[in-house]
Every structure is written in C-alpha cells, then in structure tokens.
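Structural overview for review
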Protein chains: 4
Amino acid sequence: MTNSGGVAAEQLRAFIERIERLEEEKKAISDDIKDVYAEAKGNGYNIKVMKLVVRMRKQDSNERQEIDTLLDLYLHTLGMAPSEEQAS
Amino acid sequence: MTNSGGVAAEQLRAFIERIERLEEEKKAISDDIKDVYAEAKGNGYNIKVMKLVVRMRKQDSNERQEIDTLLDLYLHTLGMAPSEEQAS
Amino acid sequence: MTNSGGVAAEQLRAFIERIERLEEEKKAISDDIKDVYAEAKGNGYNIKVMKLVVRMRKQDSNERQEIDTLLDLYLHTLGMAPSEEQAS
Amino acid sequence: MTNSGGVAAEQLRAFIERIERLEEEKKAISDDIKDVYAEAKGNGYNIKVMKLVVRMRKQDSNERQEIDTLLDLYLHTLGMAPSEEQAS
DNA sequence: CTGGCTAAACAGAACC
DNA sequence: GGTTCTGTTTAGCCAG
C-alpha cells in the first residue's frame, strides 16, 4: 500500500466509524420511541392513531393545504367530492 | 371537559410530546450523518459506495449464521448446496 | 441423494419455479402501473395526489369511519379539533 | 364544468381506472403466490425458508458484479479486501 | 444552480 | 407479537 493510500485508508476508516457510531445512536433513539408507544398502548391508547396525530402535527400546514386543494379538485372531477356522496 | 378527560388529555399530550422530542433528536443525528457523508465527499470519496460499505459491515456483523443451518437443508434438497456447485 | 430426497428435490424445485414465474408477472404489472403514472404525469397530473385518490377509492368506508371517529376523539382531547383551530 | 374540465375528467378517470385494473391483476397474482406457498406448506415445506431461498436466488441472479468493481477499491483502501482478511 | 429522476432508507401493512 | 414485505418518503445524482 502506498503512502497516500495509507493516509486515505485511515481517513476513510475514520469516516466510516463516525457514521457507524451515529447510526447506533440513531437506532437507540428509535428504540426509545418504540418504548414510548408501547407504554402508551399499556395505558389504553391506540398506537396507530397516535402516529396519525404525530404526523398531522408535524405536517406543514401550507403543504397540507396544497395537497388538499388538488385532492378536492381530483375528487370533484371524478364525482367523488363529499358533497356528491349519495346512496348508490 | 370532564375530569377523567382532563387527565387523559394531560397524559396523552405527555406521550405525544415525548415522542416528538425523541424524533427531533433522531432527525438531528440523521443530519449529522449527512454531514459526515458530505465531508467525505469533499475529500473525494463516493457516497454511494461508502453507504454500501457500511451496509456490508452491518450485514457481516450479525445473525446470518443461524439461518444458514436451516437453509442448508433446503439448498441441498434443491441441488444447490455449495459443495454441489459446478461449472455449468 | 436418496430416492425420497430426489422426489422432494423435484417437488420443491417445481414450487420455487412456479413462485419465481409468478413474481416475474407481478413485477411486470408493477412496471405497467409505474408507466401509467408516468404517462399521467406527462399529462400534467400530480402522481402523489393520484395515489391518494386510488387509496381512498380502495379504502373500505367502514374502516375509514372507525379511524375518523378515534382520530376526532384524540384531536379533541388535545384541543386540536378543527372547530377549535385558531390563530396562535 | 367547463369543456376543458370535461376532457380532463374523462382523461383522469381513464388513468385511475387503468391503474385500478392493473392493481387488481397484481393482487390476483399475489394471491396465486400465497396459494403456492400454502400448497408447499401442505406438502411439508417451511414457508419462511422457501421465501429465503427465493430471495437468495434473486440476489444471485443479477447485478452485484458491477458494484463489486468499485467496491473492491474501497474495501482495499479500508484494508478489508478479501485477500487481506486475517485473524484479528 | 435548480429541478426532475432514480435508487436507497424509512414507515406502515400484512402475514405467520 | 414478531417478522417480512409493500409503499412512501427522502437523498443523491444528472441534465438543462
């Protein structure tokens, strides 16, 4: 292995190990989150709906409105708008 | 809002906020990882291949062995066991 | 290889190959779906919203109502019900 | 609804229905696959391991080689090249 | 240098 | 309940 290669190997190895360390931390936090959901479930809450709530709170209201607008348009185009709902 | 509802609200809110706090931490770490990749890229490394290396090291580091035992049985049955490999 | 093993090998191989054939067909259809979305996109439609529409049409309305009921309850508990929305 | 809207409605509906048709076909094939696994299970095979075999055969069958070239460079740089493997 | 496209990571759903 | 698999999201790459 050449000198410059040796330096590169050391440097690259350092990058890889930093990344692996961070990924471990990240996984630990993911596990913590799972634990909180499990605890909530133990207190009678529905995990699926809690996740929905978290997502809604996270979602940027501007983007949300954008999507809703388009969705309304498409549903209306298809005759599926809520106001057009009817007994079949 | 009733008493019991008030208690539930407080508890549910606490769960939600704990989760949101953890997700922020998780995102911070994800950003750190991105930074490391970016720094490595600035030093001339290829991000895609670095990720491949990280993945391979993770795969190598665990399990794999326990499934191989069961798997060998099936591969052998199929005539695909390593010892039966041959030039076609 | 024993007789019974030989029979098993033939049989297992047949199962595996039937599955692989079916998975190829399945993949071909997935690709077709992607093509349709791409074509729609080329005509100015928003893929993400189209997928939403498809999902909504598929979704069983009973299940949907169930989720909505729980969701309303949770949002109300958190003071996030639509009717309680306000400028912060 | 305007003329252009009418045209759009017809077009959008056609796209949606093509997608829904394809998804039905896709689902039918998924069901067929499940049936094959069930039949195999009825003949004494282990579904989980069969799925593993299918996955491995898929992995083996393609690409892999083209990334190895680039990968070798990095592994070598890390002192992880196969020929350099050794007891730690 | 921005925007679209492709491919990997993550989250949600389904199955065992 | 745990694990695998699908589908969504996001990040990196490339063309304009």
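A few points about the overall build of chain A
The helix and strand inventory of chain A stands at three helices and zero strands. Reading the helices (α) and strands (β) of chain A from amino to carboxyl end gives α-α-α. A total of 88 residues make up chain A; the buried ones form 27% of that total. Accessible surface, chain A: about 5900 Å² in total, of which carbon and sulfur atoms supply 48%.

Considering the interface of chain D and chain C
Taken together, the 28 residues of chain D in the interface contact 28 residues of chain C. Roughly 2900 Å² is buried in total at the junction of chain D and chain C, and carbon and sulfur atoms are behind 67% of that figure. Among the residues chain D hides against chain C, the three largest losses belong to Phe 15, Ile 19 and Tyr 45 of chain D. Together they make up 20% of the total. At the junction of chain D and chain C, the tally comes to six salt bridges.

Digging into the relation of the copies chain D and chain C
Least-squares fitting of chain D to chain C yields an RMSD of 0.6 Å, with the transformation described by 0.1 Å of translation along the axis and a rotation of 180°. Such a combination of turn and shift is consistent with a two-fold rotation axis. Among all residues of chain D, the minimum C-alpha distance to the rotation axis is found for Lys 26 of chain D, at 2.8 Å. Both copies share a contact surface, since 100% of the interface residues of chain D are interface residues in chain C too.

Observations regarding the protein's contact with DNA strand E
The immediate surroundings of DNA strand E are formed by Lys 26, Lys 51 and Arg 55 of chain A, Lys 26 and Arg 55 of chain B, Lys 41 of chain C together with Lys 34 of chain D. Each atom of DNA strand E within 4 Å of the protein was assigned to sugar, phosphate or base; sugar and phosphate come to 100%. A distance of 2.7 Å is found between a phosphate oxygen of DNA strand E and a side-chain nitrogen or oxygen belonging to Lys 26 of chain B. A distance of 3.0 Å is found between a phosphate oxygen of DNA strand E and a side-chain nitrogen or oxygen belonging to Lys 41 of chain C. For the surface near DNA strand E, the residue count by class is no nonpolar, no polar and seven charged.

Here's the deal with the protein's contact with DNA strand F
As a structural note, the neighbourhood of DNA strand F is formed by Lys 41, Ile 47 and Lys 48 of chain B, Lys 26, Lys 48, Lys 51 and Arg 55 of chain C together with Lys 26, Lys 51 and Arg 55 of chain D. Separating a phosphate oxygen of DNA strand F from a side-chain N or O atom of Lys 26 of chain C is a distance of 3.0 Å. Here a phosphate oxygen of DNA strand F and a side-chain polar atom of Arg 55 of chain D are 3.3 Å apart. Listed by contribution, the elements that provide at least two residues to the surface near DNA strand F are helix H2 (47-61) of chain B, helix H2 (47-58) of chain C together with helix H2 (47-61) of chain D. At three residues, H2 of chain C tops the list of elements feeding residues into the surface near DNA strand F. Broken down by class, the residue content of the surface near DNA strand F amounts to one nonpolar, no polar and nine charged.

Things to note about the relation of the copies chain B and chain A
In this structure, two copies of a chain are linked by a rotation about an axis accompanied by a shift along it. At an RMSD of 1.6 Å, chain B and chain A line up after a rotation of 180° and a shift of 0.3 Å along the axis. A symmetric contact is evident, with 100% of the interface residues of chain B recurring at the interface of chain A.

Structural notes on helix H2 (residues 47-58) of chain A
Residues and elements named next belong to chain A. The end-to-end C-alpha separation of H2 is 17 Å, in line with the 16 Å expected for 12 residues at 1.5 Å each. Regarding H2, the residues found buried are Val 49, Met 50, Val 53 and Val 54. Here the buried residues of H2 occupy an arc of 145° about the axis, which is enough to place them on one side. Relative to its buried face, H2 has exposed residues pointing more than 90 degrees away, namely Arg 55 and Lys 58. Regarding H2, its N-cap is Asn 46, as a side-chain oxygen of that residue lies 2.9 Å from the backbone nitrogen of Lys 48 further along.

A short note on the pattern of salt bridges
All chains considered together, the criterion is met by 20 salt bridges over all chains. The shortest N-O distance in the salt bridge between Glu 39 of chain C and Arg 18 of chain D comes to 3.2 Å. On the criterion of chain membership, the pair formed by Glu 39 of chain C in helix H1 (residues 3-42) and Arg 18 of chain D in helix H1 (residues 3-42) is interchain, its members lying in two chains. On the basis of relative accessible area, Glu 39 of chain C is assigned to the partly exposed category, the value being 38%. A relative accessible area of 39% places Arg 18 of chain D in the partly exposed class.

Some thoughts on the environment of Lys 48 of chain A
As for its placement among the helices and strands, Lys 48 of chain A is situated in helix H2. Beyond its immediate stretch of four places on either side in the chain, Lys 48 of chain A contacts Glu 63 and Ile 67 of chain C.

Structural notes on the confidence of the model for chain A
On average, residues of chain A carry a pLDDT of 83, and 86% of them reach 70 or more. Within chain A, helix H1 (residues 3-42) of chain A carries the highest mean pLDDT (89), whereas helix H3 (residues 61-77) of chain A carries the lowest (83).

About the criteria used
Residues numbered from 1 in each chain as written. Chains lettered and ligands numbered in written order. Predicted model: local features only at pLDDT ≥ 70, side-chain atom pairs only at ≥ 80, totals over all residues. Heavy atoms only, no water. Helix = DSSP H or I, 4+ residues; strand = E, 2+ residues; numbered from the N terminus. Buried < 20%, exposed > 50% of the residue type's maximum accessible area, 1.4 Å probe, protein only. Areas by Shrake-Rupley, 256 points an atom, 1.4 Å probe, with all protein chains shown as cover. Contact = heavy atoms within 4.5 Å. Buried area = accessible area lost by both parts, 1.4 Å probe. Salt bridge = Lys/Arg side-chain N within 4 Å of Asp/Glu carboxyl O. Least-squares fit on C-alpha atoms with pLDDT ≥ 70 in both. Near = heavy atom within 4 Å. Polar contact = N/O pair within 3.5 Å; in protein donor to acceptor, adjacent residues only side chain to side chain. Nonpolar A, V, L, I, M, F, W, Y, C, P; charged D, E, K, R; others polar. Expected span 1.5 Å × (residues − 1). Arc of directions from axis to C-beta. pLDDT = per-residue confidence, 0-100.

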